[in-house]
Amino acid sequence: MPLQSLDIVRRSATTTRSPDVREPSGGREVAKLIDTTKCIGCKACQVACMEWNDLRDEIGTNTGRYQNPADLSANTWTLMRFAEIENSKGDLEWLIRKDGCMHCADPGCLKACPSPGAIVQYANGIVDFQEENCIGCGYCIAGCPFDIPRISKKDKKVYKCTLCSDRVAVGLEPACIKACPTGALVFGTKDDMKQHAAERIEDLKSRGFEQAGLYDPAGVGGTHVMYVLHHADQPHNYVDLPADPRISRAVLLWKGFSKPLGLAVMALTALAGFFHYIRVGPDETDASDEAAARELAKRLEKAP
Amino acid sequence: MSDIEVGPERRDTVSPEHHGMIVRYTAGDRTNHWTVALAFVLAALSGLALFHPALFGLSALFGGGPWTRVLHPCIGLAMVLAFVPFALRVGSENRMQPRDWAWLRQYRDVVTNREERLPEVGRYNAGQKLVFYAVVVCLMGLLFSGVVIWRAYFSLYFPAPVLRLAFITHAVCALVLICTIIVHIYAAIWVKGSVEAMTRGKVTPGWAWKHHRVWFREIMTRAANSRPRAD
């Protein structure tokens, strides 16, 4: 089965080990690094994503911002988000962030998904939706700490950035990386990307961006899409980038120990009934009860 | 008793056509109950398919994962709607009374079949009443949370934190409801004559006397009063 992925480390709604006999050469995790300080908001990445994935969103309406379309959708897997921020010196800062799936090491979508194999995580760290297994329940939307998955009105399946898993699998870089004209987008092993980010951050700090830093949030085990931010202390200024994203406790409760516990409680309730019947036995009505009933009825008839 | 003139299917009467059997549930009651019951079984099976990976195979009963997702909320809504008239039929008879609390305190006698030691019981015992309230509360919880997480029509109007809360509420209410119904079904198997009460509608006077004596007395008093006196 040459087209099958055999390097899956995690699979949704699966309690046994996923097919992972293949160990990719090097076995290294990949990452996309988005340097917001180099981004000019040209949207070439958006176009490249549309082209490679054959996606065309509906033509929307102007919302008074450069951001277009207004939001991610089943047909828009990556989106430049534009924030106009007045900084503490009273200057305008135009912060542009390429939004899309962060490919969490600990993916909330995968935890929440009830359909076996609808969401997988490869050894290289890419979190991929397998739409043929998707049942359209939207649990992943509730599970995601970044509000990324979008359900299609057309086929009721959920879509998001694949990190071009099809390209990466054959040694190509994601389409958006290829299109970026300023080098704001780079792709490689996660270690290399961290090193590259460290160099960029050093450079930014030397040029007055004291709070420049890498966004690789530990709350979700790190991500395979990382940002270099000029103001890493204010991620929310980049159109609501969460400061400390983590899988909601509600999702962990719902999808964690409550599942086996719930099954156990139901099974024990049924077993309790079974053994009650075995030990105590049925509560039967016999002839003496019928006689007593007749007796009482007769008495009531005499003295109503 | 067989000469008492009452309609063949009037609730809480002695049936002249059935050798003095007492009508506990009319055909309408039974139809309503079993509509709810069938919807419950289907809703529970389809819901459990989405609850735990080990039970995902149950989705095959509904035509696969996507069909399970499509059908489950419709079945659930049908269950709630069918339960409304049933609750209206039996609701007033399920009010807790002082004797019910005494009955509950003697749960040890209840589970060891020592009924002669228990306070007399009306049309429903305290256990049945608690089942009724548990079902009412769970169905309301399932309905409200279920609407929020009904992806096709409503989920897009709610932010993720509300969805998460609704998912938990839905799972907890479903768990409590399923356990309640397991108890309900077992009680029917345990107390012989109960299944016939809900499938055929009639119980023997001895059954009514033993398990629901206050109710039995009411019926017999009414029957005696409505009977034309010989003198």
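We now turn to the structure provided with this report.

Thresholds applied
- Residues numbered from 1 in each chain as written.
- Chains lettered and ligands numbered in written order.
- Predicted model: local features only at pLDDT ≥ 70, side-chain atom pairs only at ≥ 80, totals over all residues.
- Helix = DSSP H or I, 4+ residues; strand = E, 2+ residues; numbered from the N terminus.
- Buried ≥ 20, exposed ≤ 12 C-beta atoms within 10 Å, placed from the backbone.
- Contact = placed C-beta atoms within 7 Å.
- Core = buried A, V, L, I, M, F, W, Y, C linked by C-beta atoms within 7 Å.
- Expected span 1.5 Å × (residues − 1).
- Pairing = 2+ DSSP bridges.
- Axes fitted to C-alpha atoms, helices over the stretch in contact; angles between N-to-C directions.
- Parallel < 35°, antiparallel > 145°, perpendicular 65-115°, else oblique.
- Left-handed = near helix turned anticlockwise from the far one by under 90°.
- Nonpolar A, V, L, I, M, F, W, Y, C, P; charged D, E, K, R; others polar.

## Quick notes on the overall build of chain B
Item 1. Helix and strand counts for chain B come out as 9 helices and 3 strands.
Item 2. Taken from the N to the C terminus, the helices and strands of chain B come in the order β-β-α-α-α-α-α-α-α-β-α-α.
Item 3. When the backbone C-alpha atoms are referred to their principal axes, chain B occupies close to 75 × 35 × 30 Å.
Item 4. Across the 231 residues in chain B, those meeting the buried criterion constitute 35%.
Item 5. A sequence separation of at least 24 residues applies to 58% of the contacts in chain B between residues at least 6 apart.

## Some remarks on the nonpolar core
Item 1. Core analysis: the largest hydrophobic core is formed by 99 residues, its most contacted members being Leu33(A), Cys109(A), Cys113(A), Ile119(A), Cys140(A), Leu185(A) and Met226(A).
Item 2. The residues contacting Leu185(A), other than those within four sequence positions of it, are Lys32(A), Ile34(A), Cys45(A), Cys176(A), Ile177(A) and Cys180(A).

## As for helix α8 (residues 258-279) of chain A
Item 1. Across its 22 residues, α8(A) extends 30 Å between first and last C-alpha, which sits within 8% of the 32 Å expected from 1.5 Å per residue.
Item 2. Directly beyond the C-terminal end of α8(A), a positive phi value near 90 degrees is found at Gly281(A).

## Quick word on the sheet that holds strand β6 (residues 127-129) of chain A
All names here are of chain A.
Item 1. In space, the 3 strands of this open sheet follow the order β1-β5-β6, with antiparallel pairing throughout. The open sheet has two edge strands with one neighbour each: β1 (8-11) and β6. Taken pair by pair, the neighbouring strands of this sheet meet at an average axis angle of 30 degrees, ignoring direction.
Item 2. Bridging between strand β5 (residues 119-122) and β6 involves 3 bridges; their strand directions are antiparallel.

## Points about the environment of Gly125(A)
Residues and elements named next belong to chain A.
Item 1. Counting through the fold element by element, glycine 125 comes out in the loop between β5 and β6.
Item 2. When the 23 C-beta atoms within 10 Å are taken as the criterion, glycine 125 is described as buried.
Item 3. Non-local contacts of glycine 125, meaning those with residues more than four positions away in its chain, are made with Glu29, Val30, His103, Ala105, Lys190 and His224.

## Let's talk about the packing of helix α5 (residues 126-148) of chain B against helix α6 (residues 160-190) of chain B
All names here are of chain B.
Item 1. At a closest axis distance of 8 Å, the pairing of α5 and α6 adopts a crossing angle of 150 degrees. Between α5 and α6, the angle is such that the two are roughly antiparallel. Read as a crossing pair, α5 and α6 show a hand that is left-handed.
Item 2. A breakdown of the residues in the contact of α5 with α6 according to their chemical character gives 15 nonpolar, 8 polar and no charged.

## Topic: the interface of chain A and chain B
Item 1. At the junction of the two partners, chain A supplies 45 residues and chain B supplies 47 residues.
Item 2. Breaking the side of chain A that touches chain B down by element, the ones donating at least two residues are α3 (139-143), α7 (249-255), α8 and α9 (287-302) of chain A.
Item 3. Per element, the largest residue contribution to the side of chain A that touches chain B is 11 residues, and it comes from α8(A).
Item 4. Class assignment of the residues belonging to the side of chain A that touches chain B gives a composition of 25 nonpolar, 12 polar and 8 charged.

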